[in-house]
Amino acid sequence: MMHVPVALSHAPYTITIGERLLTHAGEHLAAHLTSKKAIVVTDEAVGRIYLHRLSNALASIDVRSAPVLVPVGEGAKSLPHFTALLEQILALAPDRNTTLIALGGGVVGDLTGFAASVVLRGLPFIQIPTTLLAQVDSSVGGKTGVNTAYGKNVVGSFYQPKAVLIDVDTLETLPLRERLAGYAEVVKYGAIGDADFFAWLEHNGAALLAGDKTLQMEAIAKSCKAKAAVVMQDEKETKGLRALLNFGHTFGHALEAEMGYSDALLHGEAVAIGMVFAAKLSAKLGHLAPEVAARLEAHLRAVGLHTSVKNLQKPFTAEALLTHMTHDKKAENGALTFVLLKAMGQAFVAKHIAPDSVRALLQEELM
Ligand SMILES: NC(=O)c1ccc[n+]([C@@H]2O[C@H](COP(=O)([O-])OP(=O)(O)OC[C@H]3O[C@@H](n4cnc5c(N)ncnc54)[C@H](O)[C@@H]3O)[C@@H](O)[C@H]2O)c1
Ligand SMILES: [Zn+2]
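Described below are features of the structure shown in this document.

Conventions we followed
- Residues numbered from 1 in each chain as written.
- Chains lettered and ligands numbered in written order.
- Predicted model: local features only at pLDDT ≥ 70, side-chain atom pairs only at ≥ 80, totals over all residues.
- Heavy atoms only, no water.
- Near = heavy atom within 4 Å.
- Polar contact = N/O pair within 3.5 Å; in protein donor to acceptor, adjacent residues only side chain to side chain.
- Areas by Shrake-Rupley, 256 points an atom, 1.4 Å probe, with all protein chains shown as cover.
- Axes fitted to C-alpha atoms, helices over the stretch in contact; angles between N-to-C directions.
- Helix = DSSP H or I, 4+ residues; strand = E, 2+ residues; numbered from the N terminus.
- Parallel < 35°, antiparallel > 145°, perpendicular 65-115°, else oblique.
- Left-handed = near helix turned anticlockwise from the far one by under 90°.
- Contact = heavy atoms within 4.5 Å.
- Buried < 20%, exposed > 50% of the residue type's maximum accessible area, 1.4 Å probe, protein only.
- Donors = N, O, S within 2.8 Å, 3.2 Å for Na, K, Ca; no water.
- Salt bridge = Lys/Arg side-chain N within 4 Å of Asp/Glu carboxyl O.
- Expected span 1.5 Å × (residues − 1).
- Bend = angle between axes of the 7 residues up to and from the residue.
- 1 Å grid on protein atoms, 1.4 Å probe; cavity = no way out; pocket = protein on both sides within 12 Å on 5 of 7 lines; lining within 4 Å.
- Points joined across faces, edges and corners; volume = space filled by probe spheres on them.
- Nonpolar A, V, L, I, M, F, W, Y, C, P; charged D, E, K, R; others polar.

### Topic: the site of ligand 1
Alright, step 1. Surrounding ligand 1, one finds 24 residues, the nearest of these being Glu74, Gly106, Thr130, Thr131 and Thr173.
Alright, step 2. Contact distances for ligand 1 include 3.5 Å between an oxygen atom and a side-chain N or O atom of Lys152.
Alright, step 3. Contacts to ligand 1 include Thr170, whose backbone N or O atom sits 2.9 Å from a nitrogen atom.
Alright, step 4. For ligand 1, the accessible surface in isolation is 870 Å², of which the surrounding protein chains cover 87%.

### Some remarks on the packing of helix H10 (residues 267-284) against helix H13 (residues 355-366)
Alright, step 1. Packing of H10 against H13 brings their axes to within 11 Å, and their N-to-C directions diverge by 120°. The orientation of H10 relative to H13 falls into the category oblique. Where H10 crosses over H13, the two elements pack in a sense that is right-handed. Side by side, H10 and H13 meet where Phe277, Lys280, Leu281 and Lys284 of the first sit next to Ser357, Val358, Ala360, Leu361, Leu362, Glu364 and Glu365 of the second.

### Some points on the side chain of Glu365
Alright, step 1. Topologically, Glu365 is positioned in helix H13.
Alright, step 2. The exposure class of Glu365 is buried, given its relative accessible area of 12%.
Alright, step 3. With sequence-adjacent residues up to four places away left out, Glu365 is seen in contact with Phe277, Lys280, Val309 and Lys310.

### Quick look at the coordination of the zinc ion (ligand 2)
Alright, step 1. Donor atoms from the polypeptide that coordinate the zinc ion (ligand 2) comprise Glu185 (OE), His249 (NE2) and His267 (NE2), at 2.0 to 2.1 Å from the metal.
Alright, step 2. Every donor residue of the zinc ion (ligand 2) comes from the same chain, spaced as E-x63-H-x17-H. Taken together, the residues His249 in helix H9 (residues 249-258) and His267 in helix H10 connect sequence positions 18 residues apart.
Alright, step 3. Accessibility expressed as a relative area gives 5% for His249, which makes it buried.

### Considerations on the pattern of salt bridges
Alright, step 1. A complete count under the given rule lists 17 salt bridges for this structure.
Alright, step 2. Residue Glu74 pairs with Lys77 through a salt bridge whose shortest N-O separation is 4.0 Å.
Alright, step 3. As a salt-bridge pair, Lys280 and Glu365 come within 2.9 Å of each other at their nearest N and O atoms. Of the two residues, Lys280 sits in helix H10 while Glu365 sits in helix H13, which places them 85 residues apart along the sequence.

### Looking at helix H2 (residues 44-59)
Alright, step 1. Its 16 residues place the ends of H2 21 Å apart at the C-alpha level, agreeing with the 22 Å of an ideal helix rising 1.5 Å per residue.
Alright, step 2. Of all the bends found along H2, the most pronounced is centred on Tyr50 and spans about 55°.
Alright, step 3. Looking only at H2, the buried set comprises Val46, Gly47, Tyr50, Leu51, Leu54, Ala57 and Leu58.
Alright, step 4. Packed against the buried residues of H2 are helix H1 (25-29), strand E3 (37-43), strand E4 (64-70), strand E5 (99-104) and strand E6 (125-129).
Alright, step 5. Between a side-chain oxygen at the N-terminus of H2 and the backbone nitrogen of Ala45 the separation is 3.0 Å; the capping residue is Asp43.

### Considerations on unusual backbone geometry
Alright, step 1. Phi at Arg121 takes a positive value of approximately 60°, unusual for a residue other than glycine.
Alright, step 2. Counting through the fold element by element, Arg121 comes out in the loop between helix H4 (106-118) and E6.
Alright, step 3. A positive phi angle is found at Tyr261, which is not glycine, with a value near 45°.
Alright, step 4. Given a relative accessible area of 39%, Tyr261 falls into the partly exposed group.

### A look at the layout of surface pockets
Unoccupied space between atoms shows up once a probe the size of one water molecule is rolled over them.
Alright, step 1. For the second largest pocket, the calculated volume is near 160 Å³.
Alright, step 2. Around the second largest pocket sit Tyr189, Ile192, Gly193, Asp194, Phe197, Lys222, Lys225, Ala226, Val230, Leu244 and Leu245, which together line it.
Alright, step 3. Secondary structure elements with two or more residues in the lining of the second largest pocket: helix H6 (176-193) and helix H8 (213-233).
Alright, step 4. It is H8 that contributes the most residues to the lining of the second largest pocket, 4 residues altogether.
Alright, step 5. Looking at the lining of the second largest pocket residue by residue, the classes come out as 7 nonpolar, 1 polar and 3 charged.

### Comments concerning the environment of Gly252
Alright, step 1. Secondary-structure assignment places Gly252 in helix H9.
Alright, step 2. Taking the relative accessible area as the measure of exposure, Gly252 reaches 1% and is therefore buried.
Alright, step 3. Taking C-alpha positions, Gly252 is 9.8 Å from Leu266, a pair spaced 14 residues apart along the chain.
Alright, step 4. Discounting residues that sit within four places of it in the chain, Gly252 has contacts with Ala270 and Gly274.

Here it is as structure tokens:
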């Protein structure tokens, strides 16, 4: 078992990573549960597999838990579904000590955290992320929210959990494609801040993805530490430090938008392509040796991620992608802001990138 502290001055908490944690969730959560009543929010797919394990574990410490189900998939992160979730929670007559437990991927975590931040002006909240993406990214940092027609995650709050419990056993049932999408974010931490970790992933990534739990725990702990370090310095994204976590995301978001945020391209899959693009742009602008961009691409491809838009079953145009990027919240007066690399493990924020240089690379990539 491993512990990663998230030392926020007003709300410190610990991420616990291990095997069989769900079965023993009673012991692990007892200290954080302030009442004998808890509400478990999960989606229908995760609930079917894991809900009984968690409810039994809570029952073993005399905590009664009521389940609340949300639909599977990104569509659940909408205002109508959020309202429905609030009503289901309120119907269970929670009091200020009733803990909301999110059991699921990032969708469940983001919805539950947001609900916890507003029901009765704030209920205690615990995260039990069950996708690799949620374990290394969305369950750390306290961002919650839903999507609207005006954009993704544009309504939400910063709200920290009391605890995060990461049971790697849950990855056994996660489809490989989802595992790979989460793995892209793991690679991101190596690329932006830890060359040794990247080299470790080159060596161990395939075995980790195939199910080696010791390697999974190590990679998850490293990733959580990396994200927590940034979050501790810049909790609410006011100092620009969290921006480095957006490596691969400017281009990734453009691809997701062009694909209509559909299952045809998962977020992590878009980020993998976006990271390769950002590395190539870094090289093109003279910040990075081209071999480093090639190394990043080679590793992502070796584990089975797409690294180029050419393999996606959709014709893209450079202009359409560029339009999304200039509309991304990171764009200022037409000039683009990108997270670039100067070496493996060394990212920096580059402002004022001329759209022409991005367009030129896009055109090469689309050929
Ligand atoms: N809050 C943040 O800081 C943050 C950061 C990154 C991403 N996100 C958000 O996270 C969301 C994506 O999260 P996600 O990739 O976890 O998607 P998800 O929650 O939709 O889960 C992906 C799929 O896997 C299934 N699933 C989950 N756990 C499973 C398991 N153990 N076994 C079998 N199936 C399982 C789910 O039912 C779903 O079909 C997006 O909405 C994104 O905006 C938030
Ligand atoms: Zn991401």
